[in-house]
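Structure at a glance
Listed here are the chains, written in short residue letters.
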Amino acid sequence: MRRLLVAGNWKMNKTNREAVSFVSELVDKVKMFKRCEIAVCPPFTALSEVVEITNGSNIEVGAQNVYPADSGAFTGEVSPLMLKDIGVDYVIIGHSERRKYFKETDEFVNQKVHSVVEKGLKVILCIGETLEERQANKTFDVVKRELVGGLKGITASQLENIVIAYEPIWAIGTGITATPEQAEEVISFIRSEITKLYDNEVAQNFRILYGGSIKPDNFEAIVAEEDIDGGLVGGASLKVDSFARLVEIAEERQA
Ligand code: PEP
């Protein structure tokens, strides 16, 4: 069985002090959950300390963005080398907020994916359609374009360090969750596209998360779906109790 992953995307939230207090509490609250995988993705400013506090625990740490070069004249950017150096495990790439506000293209997203896996870090690659695209019956086209574009040139062995998060944009931060059936429909489609790009064995081992207004009261039905391997969680990852509850739900499902 694929190992479920619950990853918290804090976005631009929590000062360093708040992050330290949050993870110090979280470490204790989730220490008994060993079957599923747990990750938190704080802002850059808190990464070092969060890595230190979670060291030796069952919590991994992710960054929310990266620039695809080791170093150089890229003012304001952070490289995969820098993230690896401080002990980061994951990098979120292609989040819809970055695609929208920072105009990130599939090509740029793909460069980032390569730069991160080449450093031996793991990727959470986000894909998903807008409400207009869904209403125009373009969901599968958009998801396929972002999937194929984001994974261009990625080998089957590199894919082992990549997780997809299917995040319908209309469900992010809106309180509107995709129904488990809607999420499963697209996620099983993504798995079938992975079969076409690689093979069935690779696709069966490949993890695909759902993201979009996940909460403790809807997560159980989401992870009950056959192809959904966990969640990328925004709002509900900012409170220790709700995030720990999501981890507990994943842990029960993993049994
Ligand atoms: C996200 O930003 O990845 C996300 C899923 O946010 P939320 O859970 O708040 O909808």
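Presented here is a report on the structure given in the accompanying data block.

Basis of the calculations
- Every chain is numbered on its own, with residues counted from 1 as its sequence reads.
- Residue-level local features of this predicted model are given only where pLDDT is at least 70; pairs of side-chain atoms are given and counted only at 80 or more, and the full residue set underlies all totals for whole chains, interfaces and linings.
- In computing side-chain properties, one takes all heavy atoms of the structure into account and sets aside hydrogens as well as water.
- Using protein atoms alone on a 1 Å grid, points that fit a 1.4 Å probe yet trap it form a cavity, whereas open point sets bounded by protein on both sides within 12 Å along at least five of seven lines form a pocket; residues with an atom within 4 Å of a point count as lining.
- Grid points are joined across faces, edges and corners, and a volume is the space filled by probe spheres set on the points.
- Secondary structure elements are taken from DSSP: a helix is a run of H or I of four residues or more, a strand is a run of E of two residues or more, and numbering for both begins at the N terminus.
- In this classification, Asp, Glu, Lys and Arg are treated as charged, Ala, Val, Leu, Ile, Met, Phe, Trp, Tyr, Cys and Pro as nonpolar, and every other residue, Gly included, as polar.
- Each residue is assigned to one of three classes by its accessible area relative to the maximum for its type, calculated with a 1.4 Å probe on protein chains only: buried under 20%, partly exposed between the two thresholds, exposed over 50%.
- Ring pairs shown here join Phe, Tyr and Trp side chains whose ring centres sit within 6.5 Å, with only the six-membered ring taken for Trp; geometry is labelled stacked below 30 degrees between planes, edge-to-face above 60, and tilted in between.
- Look at NZ for Lys and CZ for Arg. If either is within 6 Å of the ring centre and within 35 degrees of the ring normal, a charge sits over the ring.

For the rest of this paragraph, the subject is the layout of surface pockets. Put simply, the largest pocket is a space of about 480 Å³. Around the largest pocket, the lining comprises 16 residues; the ones closest to its centre are Lys11, Met12, Gln64, Arg98 and Phe102. Take the lining of the largest pocket: its biggest share by element is three residues, from helix H4 (residues 96–101). For the lining of the largest pocket, a count of residues per class yields seven nonpolar, five polar and four charged.

Once that is clear, we can look at unusual backbone geometry. At lysine 14, a residue that is not glycine, the phi angle is positive and equals roughly 80°. Mapping lysine 14 onto the fold places it in the loop between strand E1 (5–9) and helix H1 (16–29). A positive phi angle, near 55°, is found at lysine 103, a position not held by glycine. Within the secondary structure layout, lysine 103 lies in the loop between H4 and helix H5 (106–118). Relative accessible area serves as the criterion here: at 64%, lysine 103 is assigned to the exposed category.

Taken as a whole, this structure holds four aromatic pairs when the rule is applied. Aromatic side chains tryptophan 10 and phenylalanine 22 sit 5.0 Å apart centroid to centroid with 75° between the ring planes, which places their arrangement in the edge-to-face category. With tryptophan 10 in the loop between E1 and H1 and phenylalanine 22 in helix H1, the pair connects residues that are twelve residues apart, well separated along the chain. Accessibility expressed as a relative area gives 0% for tryptophan 10, which makes it buried. Within the aromatic cluster, the residues linked to one another by ring pairs are Tyr67, Phe74 and Phe108. For the cation-ring pair, lysine 14 lies above tryptophan 10, with the distance from its terminal atom to the ring centre recorded as 5.6 Å. Over the face of the ring belonging to phenylalanine 102 we find arginine 98, whose NZ or CZ atom lies 4.2 Å from the ring centre.

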